[in-house]
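# Working through the structure, step by step
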Amino acid sequence: MAKQSLFYEEVVPLTKERHMGWSVEQGKTYAFAAKQHSVPLMHSEFSSAALDLPIVFGKTGETTLPLVMLGMQAEKSLFVDKKGKFTGRYCPAFLRRYPFIFARGDAEEETFALCIDETFDGVDKKGKKGEALFGEDEEPSEYLKQIMEFSRVFEVDLRKTRAFTDLLNEHELLDPMNAQVSLADGSKVSLTGFHVVSRERLKQIDPELLTDLFQREFIELVYYHLLSLKNMEKLRDMVR
């Protein structure tokens, strides 16, 4: 399978025939994300992430997804230290699920296959560290079952997250974020390529749309997003 986005390198479908006897050690290092200054965020994570990190929106073609900012400079995360430890209070699910990912199989039937990035440092082909992928009975281990459930929930969350961003786009509630941030050393960083909800247009939305936002529990996501932007000051102060 071709190279994936962000830190995914060589992603292949996880199968008993290929990965029997292999194990994976997750959570010990996040060095793979040391150059990520933003990663996707699911709707169910807004309440936790908003207390610690800025939530913005990124657009790629016709796709819009919430992003959590982990830094202010390209290819530099402020939350992964030199030892590969994630130092933030909240670690996004996008990072926690690595090296696993669901990939679309049959487009017509919308089937998905659980895949693994075999280049991850925590992958052990000899099965000596971490958790085994398959048991001696050649069935998925309890660890792998948990990974499959985590990945399934992630995909469900992704669908509702896209419904949220589709609604924001449909009613033109997103504006490009163009800001210059002054750092402690006197230099400035330009924040471009992100989008934020327009406070002015939010004030002007019609009652029917507001009711829809409430009923679908999307209004809470908007408020969490706006609240989270105060964390820009935190990121600025962390830059060295």
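Above this text you will find the structure in question.
Residues numbered from 1 in each chain as written. Predicted model: local features only at pLDDT ≥ 70, side-chain atom pairs only at ≥ 80, totals over all residues. Heavy atoms only, no water.

### Some remarks on the nonpolar core
One broad rule of soluble globular proteins: the nonpolar side chains tend to lie buried together. Phe 7, Leu 95, Phe 100 and Leu 133 are the most contacted members of the largest nonpolar core, which has 77 residues in total. Broken down by element, the residue count for this core peaks at 8 residues, all from helix α4 (residues 142-170). Excluding residues that lie within four positions of it along the chain, Leu 95 makes contacts with Phe 7, Tyr 30, Phe 32, Ala 33, Val 39, Leu 70 and Phe 86. (Core = buried A, V, L, I, M, F, W, Y, C linked by side-chain atoms within 4.5 Å. Buried < 20%, exposed > 50% of the residue type's maximum accessible area, 1.4 Å probe, protein only. Helix = DSSP H or I, 4+ residues; strand = E, 2+ residues; numbered from the N terminus. Contact = heavy atoms within 4.5 Å.)

### Here's the deal with α4
Look at α4: 42 Å from first C-alpha to last across 29 residues, which is about the 42 Å you get at 1.5 Å a residue. Backbone geometry just after α4 places Glu 172 at a positive phi near 50°. (Expected span 1.5 Å × (residues − 1).)

### A few points about the sheet that holds strand β2 (residues 23-24)
Two pairing modes exist for strands in a sheet, parallel and antiparallel, and in both the strands are linked by backbone hydrogen bonds. Across the sheet, 3 strands lie side by side as β8-β2-β9; this open sheet has antiparallel pairing. In the strand order of this sheet, the two ends are held by β8 (123-124) and β9 (131-132), each with one partner. Relative to β9, β2 runs antiparallel, the two being bridged by 2 bridges. Its bridge partner lying in β9, Ser 23 is registered against Ala 132. (Pairing = 2+ DSSP bridges.)

### Overview of the side chain of Glu 155
Along the chain, Glu 155 falls in helix α4. Take Glu 155: its relative accessible area is 15%, and that puts it in the buried class. In this structure Glu 155 touches Arg 97, Phe 102 and Phe 112, once residues within four positions along its chain are discounted.

Everything listed here is a matter of coordinates, which is why it stays silent on function.
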